[in-house]
Amino acid sequence: MSKHIIVDPITRIEGHLRIEAVIGDDGVVKDAYSSSGMFRGIEAILKGRDPRDAGLLAMRICGVCTGTHYQRSIEAVEHAFNLKIPKNARIVRNLIQGALYVHDHVVHFYHLHALDWVDITSALKADPAKAAKEALKWSNTPHGAGEGELRAIQERVGKFVAQGRLGIFANAYWGNKHYKLSPEQNLIAVAHYLQALDMQRDMAKMMAIFGGKMPHPQSLVVGGVTCVQDIQNPARIAEFKSILNKSRNFVKNAYMPDVLMAGTVYADEALDGTGAGLKNYMSYGDFRLDDTGFYTSALLFPKGVVLNGDLSTLYPLEQEKITEDVSHSWYTGGGDKGLHPFDGVTNPHYTGMEKKADGNAYIKPNEKYSWIKSPLYDDTRVEVGPLARVVVGLAAKDPNITKYATDFLTELGNTLGLGKAAPASVIFSTVGRTAARAIETNLMADVMMGWVDELAANVAAGDHSTWTEFDFDAVSKDAKGFGMAEAPRGGLGHWVVIKDGKIENYQAVVPSTWNAAPRDYKNRMGAYEAALIGTKVADPEQPLEILRTIHSFDPCIACAVHIVDTKGKELAQFKVGTSCAV
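Draft legend 1. Structural view of the sheet that holds strand β1 (residues 3–7). Read across the sheet, three strands follow the order β1-β2-β3 without closing on themselves; strand pairing throughout is antiparallel. Edge strands, defined here as strands with exactly one partner in the open sheet, are β1 and β3 (29–35). Across this sheet, the average inter-strand angle for adjacent strands is 15 degrees, counted without regard to direction. Of the strand pairs in this sheet, strand β2 (residues 18–23) and β3 are connected by six bridges, and their pairing is antiparallel. Bridge pairing in β3 places Ile23 opposite Val29.

Following this line, the structure appears as structure tokens:
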């Protein structure tokens, strides 16, 4: 008999997410639903405001990827005003965003996702000497994985366990048989988990050097950036480069080896496509490499769409084909097939849940069941994120992405004893989605070294320009624009309509809106839902495999639901239970 389970809330994410899954007698997920119970907001607050202030408010959509929302909002206004920013501003923005990528991806793997692969209690059984030798299998220069270091960490964690003080490691599914790493491999990963807590603090400093602070940097403005003294001070640029170099070493000697290790151990799931989902991928493209203008510059990450996992064909991206559908979302006014963001509306309409005989409240799958809208690209459900960027890069035959992805697949093939690179198809999986983030971080850490030098050389040559002057009254009468690029979690777009110098309409379609969305008007699944279908769950009471796949997307539900009832009316009350959480 099938079993209908609720995992609510999904923890180790930003925001509140519920997953309901139907598991068959064979332990395989037959159906799945993704639902956000949050209702919060920014878009309605922006109406009627000065568009030059939009970025400072829009960045409050999220406290994690704040700089990304900040930049997209400012770029939307710059696009509306047809402004071209100076070279120094472009490079500074790239460095701030690049630092966010490195920070965000490291934090995601170790502190939000690693515990889906790593059994903390197993690490206590490891032999530190054997673990130190094991670390050398995955890196010639492993980070912080000497016998003494590993022994000290094992003793440190052991003391907490002995005292019943697991803290951040409490209430998990330790001992679940779908944990596959050896005790020694678990100990290596635990060591890097703890070391990454210190590393991420330094990585955040990189964003603050040119951003002013972190989170919520404040140095970006419509027309450029304000960190004039920082870019003219060689010591500040040198400090940024020093932290970047330290971060780069951690990525290459801890993060990449750990993902390779996990990918090798869980290779069977990569090869059989567990967690693949939609296999339709979209990237907006990001990181402008020249100053030719809006959406004409060469990009570090190419833009485009790949359908059905076919790497031989890359479809061009056309922003006019983006719509948001609300057929299964708690809103009204979305049109028959959704609305383009320029025309988007946000009218809440909560229809509740259904309480059943077992005492639990369940979503109504044939009705509305989430506060997240359902974005469509050309009437197609797509996945966004690091995996999408790698897939689009491979389809575009981008030399950088192809090299870094091929290097990883070659290493994976070697560790599996294939005698050749692992097939590219392994990236269409939960394992591949996790690996894509690491591949991207490795690339980002390398190219940023060149950007730092480019900034220093440009300033040294006498170019101190950071802002483009413009006549606000002349350009803000009737204008509209969009800022479309990538956030760490995927394609992020902000659309603004301006009339008589004020914001008339504002819509943001964010990565977790694309991925965490419910079904659409054709009853087609969103990316989370589709990725769970076919997943084998060892123990429905400990749905570790569901968490592993959902966490591989790095959900940010605070980003995905970002509107508000401006009249302050109470819309609903929610009581959250944690009995099934980890």
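On we go from here.
Draft legend 2. Quick look at the sheet that holds strand β16 (residues 478–487). With antiparallel pairing, three strands are arranged side by side in an open sheet as β16-β17-β18. Because the sheet does not close on itself, it has two edges, and the strands there are β16 and β18 (502–509). Strand-to-strand twist of the sheet, defined as the mean angle between neighbouring strand axes without regard to direction, takes the value 10 degrees. Sheet topology note: the β16/strand β17 (residues 490–499) ladder contains ten bridges and is antiparallel. In the strand pairing of β17, Met484 is matched with Gly493.

Draft legend 3. Region of interest: the packing of aromatic side chains. Enumeration over the complete set of coordinates arrives at 22 aromatic pairs. Aromatic side chains Tyr33 and Tyr369 sit 5.6 Å apart centroid to centroid with 85 degrees between the ring planes, which places their arrangement in the edge-to-face category. Of this pair, Tyr33 sits in strand β3 while Tyr369 sits in the loop between β14 (361–362) and β15 (374–377), and the two are 336 residues apart along the sequence. Grouping residues by exposure puts Tyr33 and Tyr369 together as buried.

Draft legend 4. Seen up close, the layout of surface pockets. Computed from the structure, the second largest pocket encloses a volume of approximately 340 Å³. Lining the second largest pocket we find 19 residues, and of these Trp138, Lys252, Met256, Glu411 and Asn442 sit closest to its centre. Breaking the lining of the second largest pocket down by element, the ones donating at least two residues are α6 (128–138), α10 (234–265), α13 (399–415) and α14 (430–460). When grouped by side-chain class, the residues that make up the lining of the second largest pocket number seven nonpolar, six polar and six charged.

Thresholds, definitions, all that
- Residues numbered from 1 in each chain as written.
- Predicted model: local features only at pLDDT ≥ 70, side-chain atom pairs only at ≥ 80, totals over all residues.
- Heavy atoms only, no water.
- Pairing = 2+ DSSP bridges.
- Helix = DSSP H or I, 4+ residues; strand = E, 2+ residues; numbered from the N terminus.
- Axes fitted to C-alpha atoms, helices over the stretch in contact; angles between N-to-C directions.
- Phe/Tyr/Trp six-rings, centres within 6.5 Å; stacked < 30°, edge-to-face > 60°.
- Buried < 20%, exposed > 50% of the residue type's maximum accessible area, 1.4 Å probe, protein only.
- 1 Å grid on protein atoms, 1.4 Å probe; cavity = no way out; pocket = protein on both sides within 12 Å on 5 of 7 lines; lining within 4 Å.
- Points joined across faces, edges and corners; volume = space filled by probe spheres on them.
- Nonpolar A, V, L, I, M, F, W, Y, C, P; charged D, E, K, R; others polar.

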